[in-house]
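Survey of secondary and tertiary structure
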Amino acid sequence: MADRKLIIFKLGNESYGVEIDVVQGIEKMLPIVRIPNSVPHIQGIINLRGSIIPVLSLRNRFGLPEVPDTDTTEFLITNVSGTLLALKVDAVESIYDLATAQIFETPRIVQTEETSYMKEVVLVENKRLIIELNTDNLLTSQEKEDLQKMLEEQQ
C-alpha cells in the first residue's frame, strides 16, 4: 500500500518530484505574459480560467539553461505559501506510489539555504534517486514578498 503519491517530472535529463497533495492541477502549456524586471526565476504570468498565476521556471531556479517549449512542456499548479504558482517543467513523467522504505532524508552535506527546496530523496524502481521538492521553499522569503507585491499591482 502506498504511503504517499509523488508526481515525477523532468527537467532536462533529471527527474524531480512533488507530493501530489500540493499540486492542484497539471496544465498544458499556455501563453506566458513576460514581466520585465520581475522577481528572480518568475518567467511571467498565465491566465488559467480567469486566475492570473505567476510562472516559476524551475530550469532557471536550478541554474539550468532555458530551452524552447515543446508539446510536453507543462505547468504544475501549486500553492506556495498561500499563493498559486505554476511550476514550468519539461514534462510530467508519472504519478508514483511511494512506500516509507523508499523515502530518505536529504544528506546533510547538501543541506544549505540554497538547497532548502530539497524535501527528501526517494528511490523509485529500485534504482533511480529522485529529489522531492518542498514547494514552499522554492522561493526565498524576500522573493515571496516581492511576488506578492507584484501580484497586488497586477490587480
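Figured I'd write up the structure that's included with this text.

Conventions used here
Residues numbered from 1 in each chain as written. Predicted model: local features only at pLDDT ≥ 70, side-chain atom pairs only at ≥ 80, totals over all residues. Heavy atoms only, no water. Pairing = 2+ DSSP bridges. Helix = DSSP H or I, 4+ residues; strand = E, 2+ residues; numbered from the N terminus. Axes fitted to C-alpha atoms, helices over the stretch in contact; angles between N-to-C directions. Phe/Tyr/Trp six-rings, centres within 6.5 Å; stacked < 30°, edge-to-face > 60°. Buried < 20%, exposed > 50% of the residue type's maximum accessible area, 1.4 Å probe, protein only. Core = buried A, V, L, I, M, F, W, Y, C linked by side-chain atoms within 4.5 Å. Contact = heavy atoms within 4.5 Å. Salt bridge = Lys/Arg side-chain N within 4 Å of Asp/Glu carboxyl O.

Attention now moves to the sheet that holds strand β9 (residues 91-98). One open sheet holds the 6 strands; their spatial order is β9-β1-β2-β12-β11-β10, and the pairing between them is mixed. With one partner strand each, in any of the chains shown, β9 and β10 (103-105) form the two edges of the open sheet. Within the sheet, the average angular offset between the axes of one strand and its neighbour, ignoring direction, is 35°. As paired elements, strand β1 (residues 4-11) and strand β2 (residues 14-19) share 6 bridges and run antiparallel to each other. Opposite phenylalanine 9, over in β2, you have tyrosine 16 as the bridge partner.

We now examine the packing of aromatic side chains. All told, the structure shown has 2 aromatic pairs when counted by the stated rule. Ring geometry for tyrosine 16 versus phenylalanine 62: centroids 5.1 Å apart, planes at 40°, classification tilted. Residue tyrosine 16 is located in strand β2, and its partner phenylalanine 62 is located in the loop between α1 (58-61) and β7 (74-80); the two are separated by 46 residues in the primary sequence. With respect to burial, tyrosine 16 and phenylalanine 62 carry one shared label: buried. An aromatic cluster of at least three residues, connected via ring pairs, comprises Phe9, Tyr16 and Phe62.

Here we come to the nonpolar core. Ranked by size, the top nonpolar core spans 26 residues in total, and within it Phe9, Leu58 and Leu133 carry the most contacts. The set of elements that each furnish at least two residues to this core consists of β1, β2, β5 (42-48), β7, β8 (83-89) and α2 (141-154). Here leucine 133 is in contact with Phe9, Tyr16, Gly17, Val18, Leu58, Phe62, Tyr117, Lys119 and Leu138, once residues within four sequence places are set aside.

We now examine the pattern of salt bridges. Inspection of the entire model under this criterion finds 12 salt bridges. Salt-bridge contacts for glutamate 19 lead to lysine 119; the nearest nitrogen and oxygen are separated by 2.9 Å. Of this pair, glutamate 19 sits in strand β2 while lysine 119 sits in strand β11 (residues 118-124), and the two are 100 residues apart along the sequence. The exposure class assigned to glutamate 19 is buried, which follows from its relative accessible area of 15%. Residue aspartate 69 pairs with lysine 88 through a salt bridge whose shortest N-O separation is 2.7 Å. Of the two residues, aspartate 69 is situated in the loop between α1 and β7 and lysine 88 in strand β8; the sequence distance between them amounts to 19 residues. What makes aspartate 69 partly exposed here is its relative accessible area of 36%. The class for lysine 88 is buried, based on a relative accessible area of 8%. A network of salt bridges, in which partner residues are shared, links Arg4, Glu19, Lys119, Glu120 and Glu132.

Once that is clear, we can look at the pairing of β5. Taking burial as the measure, the 7 residues of β5 include 6 buried ones, the bulk of the element. Across 2 bridges, the pairing between strand β4 (residues 33-34) and β5 is antiparallel. Across the sheet, the residue bridging to arginine 34 is glycine 44, located in β5. Across 6 bridges, the pairing between β5 and strand β6 (residues 51-57) is antiparallel. From the neighbouring strand, isoleucine 45 faces β6, where its bridge partner is proline 54. The hairpin formed by β5 and β6 contains 2 residues between the paired strands, and arginine 49 there has a positive phi angle of roughly 50°.

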